[in-house]
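Observations on the model geometry
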Amino acid sequence: MFSRLIPGWGKKPEKEYPALTGMLRVFLSCHHDDFGTTIEEMLQSYIDSQMPVTDAMHEINLVLQIEKDDELIAVMTAIAGDEFRPEPWGETWRGFLERTMKTLTSEN
């Protein structure tokens, strides 16, 4: 009952952004390279597997509307879990999302 009184309680970004969560935790997972070795190859596998690309693009647009980088990092870290980090790819979360959006848009 008290959980309803705490702002943000029960909000789980991985539940709010299911397409983006799936993309990061499955296709871009750092624990295997089943879907490619570059971000673009992995995103192409995501597209080729007939995943919800339009939904993912919509969710990326929503996340990119978060203006404060620390809030964006918190949301994306929750979404990705322990499966993906943009730093090894030389990216920030914002840069990675913009790169992903550009790739998905050009392929779709």
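Just above sits the structure.
Residues numbered from 1 in each chain as written. Predicted model: local features only at pLDDT ≥ 70, side-chain atom pairs only at ≥ 80, totals over all residues. Heavy atoms only, no water.

Okay, the nonpolar core next. Grouped together as the largest cluster of nonpolar side chains are 29 residues, with contacts concentrated most on Leu-20, Leu-24 and Met-76. With near-sequence residues (within four places) excluded, Met-76 lies in contact with Leu-20, Leu-24, Val-63, Trp-93 and Leu-97. (Core = buried A, V, L, I, M, F, W, Y, C linked by side-chain atoms within 4.5 Å. Buried < 20%, exposed > 50% of the residue type's maximum accessible area, 1.4 Å probe, protein only. Contact = heavy atoms within 4.5 Å.)

Moving on, we get to the environment of Glu-107. Mapped onto the elements, Glu-107 comes out in helix α6 (residues 93-107). For the pair formed by Glu-107 and Gln-44, sequence separation is 63 residues and the distance between their alpha carbons is 7.8 Å. Not counting the four nearest positions on each side in its chain, Glu-107 is found in contact with Gln-44 and Ile-47. (Helix = DSSP H or I, 4+ residues; strand = E, 2+ residues; numbered from the N terminus.)

A word on the pattern of salt bridges. Applying the stated criterion to the full structure yields four salt bridges. The salt bridge involving Glu-40 is made with Arg-99; its shortest N-O contact spans 2.8 Å. Residue Glu-40 is located in helix α3 (residues 39-48), and its partner Arg-99 is located in helix α6; the two are separated by 59 residues in the primary sequence. Exposure remark for Arg-99: the relative accessible area of 24% places this residue in the partly exposed category. For Asp-69, the salt bridge is made with Arg-94, and the minimal N-O distance between the two is 3.0 Å. Of this pair, Asp-69 sits in helix α5 (residues 69-80) while Arg-94 sits in helix α6, and the two are 25 residues apart along the sequence. Judged by relative accessible area, which is 46%, Asp-69 ranks as partly exposed. One continuous salt-bridge network, built from bridges that share partners, spans Glu-40, Glu-91 and Arg-99. (Salt bridge = Lys/Arg side-chain N within 4 Å of Asp/Glu carboxyl O.)

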